Amino acid sequence: MASLRGNSHSFQTSTISRDINTTAKFIGARAGTVGVPGSGAEIGTVFGSLNIGYARNPSLKQQLFSYAILGFALWEAMGRFCLMVTFLILFAM
């Protein structure tokens with residue numbers, strides 16, 4: 001009968017393999033942050049368009065403002081989702 005004492009295996013990775021995995025994790029995290037500056041730029045575009053809309057037709061102020069807040073919320077959510085994916089890549093894997 002074979003002895004179980006000598007059969008314990010431990011999972012070991014080499015230093016090179018860990019370095020490659022860490023590098024891939026950082027590259028993936030950087031790719032996940034690409035949408036954050038775009039989100040900021042689009043939020044600026046939404047409120048810039050709101051100002052143009054106010055200037056052209058002040059009587060639609062309340063309706064334009066509600067559309068701007070909706071656009072702001074959608075773009076802000078996209079930026080937050082990009083950050084969430086980045087943090088998941090960095091800290092959950």
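Going by the structure above, here's the rest.
Only a predicted model underlies this, so the values are computations on that prediction, with no experimental measurement involved.

A. Quick look at the packing of aromatic side chains. Applying the stated criterion across every chain yields a total of two aromatic pairs. Ring plane angle 55 degrees and centroid distance 5.8 Å describe the contact between Phe47 and Phe72, whose orientation is recorded as tilted. Remark: Phe72 occurs in helix α3 (residues 61–91) and Phe47 occurs in helix α2 (residues 35–56); sequence separation between them is 25 residues. Accessibility expressed as a relative area gives 30% for Phe72, which makes it partly exposed. Here Phe87 and Phe91 contribute two aromatic rings whose centre-to-centre distance is 6.2 Å and whose plane-to-plane angle is 25 degrees, an arrangement assigned as stacked. Of the two residues, Phe87 and Phe91 both sit in helix α3, four residues apart, roughly one turn of that helix. A relative accessible area of 66% means that Phe91 is categorised as exposed. Seen from the ring of Tyr54, Lys61 lies directly overhead, with NZ or CZ sitting 5.8 Å from the centre.

Rules and cut-offs
- Residues numbered from 1 in each chain as written.
- Predicted model: local features only at pLDDT ≥ 70, side-chain atom pairs only at ≥ 80, totals over all residues.
- Heavy atoms only, no water.
- Phe/Tyr/Trp six-rings, centres within 6.5 Å; stacked < 30°, edge-to-face > 60°.
- Helix = DSSP H or I, 4+ residues; strand = E, 2+ residues; numbered from the N terminus.
- Buried < 20%, exposed > 50% of the residue type's maximum accessible area, 1.4 Å probe, protein only.
- Lys NZ or Arg CZ within 6 Å of the ring centre and 35° of its normal.

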